[in-house]
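One-letter residues, chain by chain:
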Amino acid sequence: MSQVDQVRAAADIVKIVGDYVKLRKSGANYTGLCPFHQEKTPSFAVHPVKQIFHCFGCGKGGDVFKFVMEMDGLSFPEALRRVAEKVGVRIEERAGEETYDANTKLRASLMKLHEMAAKFFAAQLGATTEGRMARAYLGDRGITDEMVGRFRIGYAPGDGQSLVRQFQGAGFDTDAVEKSGLILMNAETQRPFDRFRRRIIFPIANDAGKVVAFAGRALGDDQPKYLNSPETAIYTKSRLLYHLDRAAQATRKLDYAILVEGYMDCIAVASSGVENVVASCGTSLTEGQIRLLGRYTRRVVVNYDPDSAGMAATERSLALLLEAGFEARVLALPGGLDPDEFIRKRGAAAYGELLKNAPSYLDYLTERAATTHDLRTPEGKVAAVNAILPYLIKVPNPILRAELATRLAERLRVDERLLRDELRRAATEKRGEVKFTEQAGHVQANQAIKQLLRLCFLSAEIVGAVLPKLLDSGAVQGLLGERVFSLLLEAHRRGEKLDITNTDISVSEAERKLALEALFCPGEPPELELAQDLVRKLQLEKVKFGIEELNRQYSEAATANDWERARKLDRARRKLQFDRVKAV
C-alpha cells in the first residue's frame, strides 16, 4: 500500500471536514454550509462511506486531500502531510514520489528553530537583570506568572548576539537560520545578529499550536513599537490569527469570535475568562484571515481600539466581514480605553456585560453617523445614510440587504422606497458609493400634515393653540413639514403671517413645495377641534413608531438573552402603550 493510500485509509473525511465546517447528520450523509461560497441554506455534503465531499451550489468536490488543499491553499504533498499529522501516520521522504516535497526539510528546520527560540526567550525573563526588568514591566501591565506561562511570553536580550549563539551551539544549518527571519546579516561586517533585541516577545502559533513567528514589543522609546517576524516558508501573516489555536474550540462552541487589534488586548480578554478572542497579528484584517475564521464561526464581535485609527480599522474590517457574509457586532469601549486597559481598570465582569450587549454593526454605524450629522434635518439624514449604505452594499444576500435597508429607513425616518431603490441600483452596478438625495431624506408627508398646514395658514388662532404642543411633543420631528410648522409659530409670535413664497425664508424646496400644495388642498373650514384631532393623530403615529422601535430592540435583547435590558425596554414599551391609550 502506498503512503497516500495509508493516509487515506486512516483518515475519516467527516472528522477532517468537521474541523473546518459545522456538520449535521442528514440521512446517510452529513451536511453544512459550504466553506467555498456564501450561502444561507446548506448545500455542502460529505459522504462518509465513499469518503468524498461535494457542494451542490458551487460544484466543488473531491476526497479528503482535495478538501484540505482547497481550504488551506496547499500543494498535494503539503495537504498529504497535514492530513497525516491529524491521523498520526508518519510520511517518509522519497525523491521522485508524489509525496515528495523539496521544502519539507526546510519547514521542519524552521519549526525546530522557532520552538528553540520560544524556549530561549521565555527563559530570559528570570535569567538576567535585563530580563527581570522586562518581567517587572509586564507585572505593571497586570501580566501574572500564570499568563506569562500560558502565552509563553518571553524577552529578547539587547546584546543582539544571544539567539545567534544559541543557534550556532545547536548546530543548525546556516541556510535554515537565515531563512527563519530570526537572524539578520550586517551588510558591512557580514556578521549575523538577532532581529529581536530588547523587546518583550509574544510567540505566534499556527492553528495546530506550533510556533511559527514572533512579535516583539519595544521597551522604552525604541521604534517601531511592535516588530513582527517576516513571512517565511511556515508563516504567512495574512493567513494566521493570533490565539486562534487556543480560541478555536470556544469559538466553535459559542459560535462567535471577538476580534481585537493587539496581542496585549487578546491576552487580557482571554485571561478574563473569554477564550473566543483572536487578534490579526499586527496587520489589517485580511480576506485570508476571514476565511480562516469562517472555519469556526460566521459571527464576529469587532472590539478594536476606540481612537480614530481603531475606528477606521473597525469600518474597514466591517466591510470585509459583511462582504464575506459574516454577522457582525461592534463593541466600542467607553472612556477611550482599549480592551487591555478597560479590563485592568474596570474588571472582567464589566467587560463581559458590555460584550453581551454589543450592538449590531448597523446600530453602531447609525450611532456613529448620529454623532457627526444632525439627524433632525433632511440634509443630516441624507449624509448619515450615505455614510452607512456602502456597508449595506457589501451584504451579499439581497433579501437580507433589503431587510437591513428597511430597518435603516425606520431608524432614520427616511423614505424607504427611495432608499431601497438606490441600494438595489448601487449593488447591481457594483458601486462603492450611493447617491441618496435630499428629497429622500424626508419621510413623505401624510395627509394629516397637509391638512394641518392648510388650517394653520388659514387661522392664526389655530397656530397659537396647537403648534406649541405639536412641536414640543416631537410628533413631526424629522418629517416633511416640521420646518414649516416651526416658521409658522415663529411668525405668529412676532404678530406676523408666514409668506411661504418669500425666497428669503430659510426652507428647503421640498418643504416649500409641500406648503404650497397644502394651501391648494381642499378641506373643511378652519376649526380648532379639527386641528386638535389632526395633532392627536400625528402624536399617535409618533407613539406607534416608538412602540415598533422598542419591539425591535426587545426582540434583539431577548435573542441575546439579555433579560435585564429586555425588562427595561418592556417597561418603556408599556408606558408608550399607556400614552397611546390616553391620547385616544
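Note that this is a predicted model, so its numbers are computed, not measured.

## Some words on the pairing of strand E3 (residues 44–47)
Here is step 1 of the chain: Of the strand pairs in this sheet, strand E2 (residues 29–32) and E3 are connected by three bridges, and their pairing is antiparallel. Bridging from a neighbouring strand, Thr31 pairs with Ala45 of E3.
Here is step 2 of the chain: Relative to strand E4 (residues 52–55), E3 runs antiparallel, the two sharing four bridges. Along E4, the bridge assignment pairs Val46 with Phe53.
Here is step 3 of the chain: Joining the antiparallel neighbours E3 and E4 is a turn of four residues, in which Gln51 adopts a positive phi near 55°.

## What to know about the sheet that holds strand E14 (residues 299–302)
Here is step 1 of the chain: With parallel pairing, four strands are arranged side by side in an open sheet as E13-E12-E14-E15. Every interior strand has two partners, whereas the edge strands, strand E13 (277–279) and strand E15 (327–330), have only one. Strand after strand, the sheet turns through a mean of 30° between neighbouring axes, direction not considered.

## Regarding the packing of helix H11 (residues 263–271) against helix H14 (residues 339–346)
Here is step 1 of the chain: Between H11 and H14, the shortest axis-to-axis distance is 7 Å and the interhelical angle comes to 40°. Here H11 is positioned oblique relative to H14, judged by the angle of their axes. Contacts between H11 and H14 involve Met264, Asp265, Ala268 and Val269 from the first element and Pro339, Asp340 and Ile343 from the second.

## Section: the packing of aromatic side chains
Here is step 1 of the chain: Tallied over the entire structure, the rule returns 16 aromatic pairs.
Here is step 2 of the chain: Between Phe36 and Phe53, the aromatic rings sit 6.2 Å apart at their centres with planes inclined by 40°, giving tilted as the arrangement. Taken together, the positions of Phe36 in the loop between E2 and E3 and Phe53 in strand E4 put the pair 17 residues apart, joining distant regions of the chain.
Here is step 3 of the chain: A centroid spacing of 5.7 Å and a plane angle of 45° characterise the contact between Tyr226 and Tyr263, whose relative ring orientation is tilted. Here Tyr226, found in strand E11 (residues 226–228), pairs with Tyr263, found in helix H11; they are 37 residues apart in sequence, far enough to count as distant.
Here is step 4 of the chain: Residue classification places Tyr263 among the buried residues on the basis of a relative accessible area of 4%.
Here is step 5 of the chain: Joined through ring pairs, the aromatic side chains of Tyr20, Phe36, Phe44, Phe53 and Phe67 make up one cluster.

## Notes on the environment of Val507
Here is step 1 of the chain: Structurally, the position occupied by Val507 is in the loop between helix H22 (482–493) and helix H23 (509–519).
Here is step 2 of the chain: On the basis of relative accessible area, Val507 is assigned to the buried category, the value being 13%.
Here is step 3 of the chain: C-alpha separation for the pair Val507 and Leu487, spaced 20 residues apart in sequence, amounts to 8.9 Å.

## A look at a nonpolar patch on the surface
Here is step 1 of the chain: Together, Leu516, Leu519 and Phe520 line one region of the surface with nonpolar side chains, adding up to about 320 Å² of accessible area.
Here is step 2 of the chain: Among the residues examined, Leu516 registers a relative accessible area of 32% and is labelled partly exposed.

## Examining unusual backbone geometry
Here is step 1 of the chain: Of the consecutive residues Gln223 and Pro224, the connecting peptide bond is found in the cis state with omega at -5°.
Here is step 2 of the chain: Tracing the sequence through the fold places Pro224 in the loop between strand E10 (211–218) and E11.
Here is step 3 of the chain: For Gln190, which is not a glycine, the phi torsion comes out positive at approximately 60°.
Here is step 4 of the chain: One can find Gln190 in the loop between strand E7 (183–185) and strand E8 (192–194).
Here is step 5 of the chain: For Gln190, a relative accessible area of 53% puts it in the exposed group.

## Quick look at the confidence of the model for the chain
Here is step 1 of the chain: Looking at the chain as a whole, the pLDDT averages 87, with 93% of positions reaching at least 70.
Here is step 2 of the chain: Here residues 440–445 is modelled with pLDDT under 50, and outside its nearest four sequence neighbours on either side it reaches 27 contacts, counting other chains as well.

Rules of the game
Residues take numbers from 1 onward in each chain, read along the sequence in its written order. Only residues with pLDDT of 70 or above have their local features reported here, since the model is predicted, and side-chain atom pairs are shown and tallied only from 80 upward, although totals for entire chains, interfaces and linings are computed over all residues. The basis for every side-chain value is the complete set of heavy atoms in the structure, and neither hydrogens nor water enter the calculation. Two strands pair under a simple rule: DSSP has to find at least two bridges between them. Secondary structure elements follow DSSP: runs of H or I of four or more residues count as helices, runs of E of two or more count as strands, with numbering from the N terminus. Axis angles are defined between N-to-C directions and span 0 to 180 degrees, where every axis is a line fitted to C-alpha atoms and, for a helix, only to the segment in contact. Roughly parallel refers to an angle under 35 degrees, roughly antiparallel to one over 145, roughly perpendicular to one between 65 and 115, and oblique to any angle outside these ranges. Pairs of residues are marked as contacts when any of their non-hydrogen atoms sit within 4.5 Å. Side-chain rings of Phe, Tyr and Trp (the six-membered ring for Trp) are treated as a pair once their centres are within 6.5 Å; stacked means planes under 30 degrees apart, edge-to-face means over 60, and tilted covers the remaining angles. In this scheme, a residue with accessible area under 20% of its type's maximum is buried, one over 50% is exposed, and one in between is partly exposed, where area comes from a 1.4 Å probe on protein chains only. Think of a patch as exposed residues, more than 30% relative accessible area, with no salt bridge, where like charges cluster within 9 Å and nonpolar side chains (Val, Leu, Ile, Met, Phe, Trp, Tyr) cluster within 5 Å. The Shrake-Rupley method, run with a 1.4 Å probe, gives the accessible areas here. Residue values count only the displayed protein chains as cover. Each salt bridge in this description consists of a side-chain nitrogen of Lys or Arg and a carboxyl oxygen of Asp or Glu lying within 4 Å of one another. Scored between 0 and 100, pLDDT is the confidence that the predictor attaches to each residue.

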